[in-house]
Amino acid sequence: MPKINGNEIRPGNVLEHNGGLWSAVKVDHVKPGKGGAFAQVEMRNLRNGSKLNERFRSADKVERVRLEQKDQQFLYETDGMLVFMDSETYEQIELPAEILGERRPFLQDGMTIHIEYYEAEALNATLPQKVTCKVVETEPVVKGQTAANSFKPAILDNGVKVMVPPFVGQDEDIIVNTETMEYAERA
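Everything quoted here is computed from the prediction, not taken from an experiment. (Residues numbered from 1 in each chain as written. Predicted model: local features only at pLDDT ≥ 70, side-chain atom pairs only at ≥ 80, totals over all residues. Heavy atoms only, no water.)

Attention now moves to the pairing of strand β10 (residues 112–118). For β10, a buried count of 5 out of 7 residues is recorded, marking the element as mostly surrounded by other parts of the structure. Summarising the sheet, strand β7 (residues 68–78) and β10 pair through 6 bridges and their orientation is antiparallel. Paired with Gln73 across the bridge in β10 is Thr112. Here β10 pairs with strand β11 (residues 121–126) via 5 bridges, running antiparallel. Looking across to β11, one finds that Tyr117 is bridged to Ala122. What sits between the antiparallel neighbours β10 and β11 is a turn of 2 residues, in which Glu119 has the positive phi angle 55 degrees. (Buried < 20%, exposed > 50% of the residue type's maximum accessible area, 1.4 Å probe, protein only. Helix = DSSP H or I, 4+ residues; strand = E, 2+ residues; numbered from the N terminus. Pairing = 2+ DSSP bridges.)

Structure (structure tokens):
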């Protein structure tokens, strides 16, 4: 695995530090008036989700880890485990539902998601950026409420509540951004 200098750390890099795998969330380069410059790095543990703030001087060497990314298709859920199939080898694997976190409701049958592996261990799963959902319940349109950019609450077919523009009605399909969990556009 390649070693990089402390000042070369970028957000999104995966590092091996103190015996754990960490993802750099936020990196600030600090140049104090006295002493050498350093990178203040906020990291999240990929195995248990804990956070850590660490300082790396430019002379410090840190191990950068490359994760293998695979596209896998969601098949079904059983006892809190999600079953995926590898698109190339047709091999099935089970992962805990917690790997998706709060984005779990957006997972749909047959959806292809990106799973990141370190050796044989699945560390992270990402849904497609945009997912189509149906509005199950929303308030009716009230005329004349367009003075400001107004939104109204809507409940989707997966139980998630999002804010939608006033023109979106019940039983309409909308596209939701899975990263921000917000309305993106009409389907």
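Our focus in this paragraph is the pattern of salt bridges. Per the stated rule, a full pass over the model turns up 10 salt bridges. A salt bridge links Lys51 to Glu42; the nearest nitrogen and oxygen atoms lie 3.4 Å apart. The partly exposed category is assigned to Glu42, whose relative accessible area is 21%. For Arg47, the salt bridge goes to Glu121, with nearest N and O atoms at 3.0 Å. Of this pair, Arg47 sits in the loop between β4 (38–45) and β5 (51–57) while Glu121 sits in strand β11, and the two are 74 residues apart along the sequence. (Salt bridge = Lys/Arg side-chain N within 4 Å of Asp/Glu carboxyl O.)

Any link to function would need more than the numbers given here.
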